[in-house]
Amino acid sequence: KGKRAFIAGVADDNGYGWAIAKSLAAAGAEILVGTWVPALNIFESSLRRGKFDESRVLPDGSLMEITKIYPLDAVFDNPEDVPEDIKTNKRYAGSSKWTVQEAAESVKSDFGSIDILVHSLANGPEVVKPLLETSRKGYLAALSASSYSYVSLLKHFLPIINPGGSSISLTYIASERIIPGYGGGMSSAKAALESDTRVLAFEAGRRKGIRVNTISAGPLRSRAAKAIGFIDMMIDYSSANAPLQKELSAEEVGNTAAFLASPLASAITGGVIYVDNGLNAMGVGV
Ligand code: NAD
């Protein structure tokens, strides 16, 4: 029987979320996505106008179908959390029920349950600043959007994840090694996300037998990565220094997510799984 996946953090066809959606769809899953409210209109209209049709092609030649797109802003847990300036913001006013709790409630009333929960989102307003120049506000915003957003998502979706289900997030090696340029508290946010992956694996495992893993992905030219500004350098560094000297494709991360979500990975939980051409294993550049 086909599984159903909810993937938070898809707003174009360039990022890891899109690639994960495709790999899960290719494996037979039904795809629901959560799209950041300010990016929703352009994503929906591009999809409708066929702008993504080429990237929707699955290995069997069919096109990936997204059954439903939910508006989502993962820095707000429920309507009481939403400040006035966001409520009245033009980019938000056209959508409703986009807090984490409401998104989970909407998925529940539309579909009853899911099998796979994917968190493929991050945001750090001061990412280009070194940690020593990061403000408290910027640091906490990075943690809120990139780490607590996952705690909240899993907390609110857990009641509707079927037994045997699985949850996956995306992390980056800047959590454990020095990556100059990945600033604004984003390195701290990924360290929190990885630590939380272990604790959440315990809690969700004991409560419901749900598995929780995070994929530590190598560099990809996504919209978010381009905003950081050093992505081309990181891709070049990886091709020069990694054991596998090829560019990483988003599909390789998508396929790992599909594996982790499948019964083939039934004993894997609490893990940080590297999908980075092996770069993490190097001690020095060569
Ligand atoms: P992306 O731009 O495709 O994805 C980031 C998504 O987050 C966007 O769709 C954006 O709209 C969404 N988003 C931002 N704030 C949000 C919020 N408050 N609520 C809901 N959605 C929000 O870029 P990506 O690089 O594919 O990022 C996906 C994940 O992969 C992130 O966790 C990122 O840190 C991780 N990652 C990326 C790289 C890389 O090199 N691109 C490497 C390792 C890990």
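Everything that follows concerns the structure shown earlier in this document.
What counts as what
- Residues numbered from 1 in each chain as written.
- Predicted model: local features only at pLDDT ≥ 70, side-chain atom pairs only at ≥ 80, totals over all residues.
- Heavy atoms only, no water.
- 1 Å grid on protein atoms, 1.4 Å probe; cavity = no way out; pocket = protein on both sides within 12 Å on 5 of 7 lines; lining within 4 Å.
- Points joined across faces, edges and corners; volume = space filled by probe spheres on them.
- Nonpolar A, V, L, I, M, F, W, Y, C, P; charged D, E, K, R; others polar.
- Buried < 20%, exposed > 50% of the residue type's maximum accessible area, 1.4 Å probe, protein only.
- Helix = DSSP H or I, 4+ residues; strand = E, 2+ residues; numbered from the N terminus.
- Polar contact = N/O pair within 3.5 Å; in protein donor to acceptor, adjacent residues only side chain to side chain.
- Contact = heavy atoms within 4.5 Å.
- Axes fitted to C-alpha atoms, helices over the stretch in contact; angles between N-to-C directions.
- Left-handed = near helix turned anticlockwise from the far one by under 90°.
- Near = heavy atom within 4 Å.
- Areas by Shrake-Rupley, 256 points an atom, 1.4 Å probe, with all protein chains shown as cover.

1. Regarding the layout of surface pockets
Then step 1. The space that makes up the second largest pocket amounts to roughly 400 Å³.
Then step 2. In terms of lining, the second largest pocket is formed by 22 residues, of which the most central are Ile-173, Arg-177, Ile-179, Tyr-237 and Leu-279.
Then step 3. Per-class residue counts for the lining of the second largest pocket are 14 nonpolar, 6 polar and 2 charged.

2. Examining empty space enclosed by the protein
Taking a probe equal in size to a water molecule and rolling it over the atoms shows the remaining empty space.
Then step 1. Under the defined criterion, the tally for this structure stands at 1 cavity of 30 Å³ or more.
Then step 2. Taken as a whole, the largest cavity encloses approximately 60 Å³ of empty space.
Then step 3. Lining the largest cavity are Gly-218, Pro-219, Ile-235, Ser-238, Ser-239, Lys-246, Glu-247, Leu-248, Asp-276 and Asn-277.
Then step 4. Its residues assigned to classes, the lining of the largest cavity comprises 3 nonpolar, 4 polar and 3 charged.

3. A closer look at unusual backbone geometry
Then step 1. You will see that Lys-97, though not glycine, has its phi angle at about 55°, which is positive.
Then step 2. Of the residues examined, Lys-97 reaches a relative accessible area of 53% and is grouped as exposed.
Then step 3. Non-glycine residue Asn-277 carries a positive phi angle of around 60°.

4. Considerations on the side chain of His-156
Then step 1. The residue His-156 is located in helix α6 (residues 136-157) in this model.
Then step 2. A polar atom in the side chain of His-156 sits 2.9 Å from the backbone oxygen of Ser-152.
Then step 3. When sequence neighbours within four positions are dropped, the list of residues in contact with His-156 reads Asp-77, Val-100, Gln-101 and Ala-104.

5. Here's the deal with the packing of helix α5 (residues 100-111) against α6
In a packed pair of helices, the relevant descriptors are the angle between the two axes and the axis-to-axis distance.
Then step 1. Contact geometry for α5 and α6: axes closest at 9 Å, N-to-C directions at 35°. Once α5 is placed against α6, the crossing between them reads as right-handed. Of α6, the residues touching α5 (which contributes Val-100, Gln-101, Ala-103, Ala-104 and Val-107) are Ser-152, Leu-153, His-156 and Phe-157.
Then step 2. Within the contact of α5 with α6, the residues separate by chemical class into 6 nonpolar, 3 polar and no charged.

6. Thoughts on the site of the ligand
Then step 1. For the ligand, the set of nearby residues contains 27 residues, the closest of which are Tyr-16, Asp-73, Lys-190, Leu-220 and Ser-222.
Then step 2. One of the side-chain N or O atoms of Asp-73 is found 2.9 Å from a nitrogen atom in the ligand.
Then step 3. Within the backbone of Leu-121, a nitrogen or oxygen atom sits 3.4 Å from an oxygen atom of the ligand.
Then step 4. Coverage of the ligand by the protein amounts to 93% of the 810 Å² it exposes when considered alone.
Then step 5. Of all elements in the fold, only β5 (161-171) and α8 (223-228) reach the threshold of two or more residues within the shell around the ligand.
Then step 6. Sort the elements by how many residues they give to the shell around the ligand and α8 lands first, with 3 residues.

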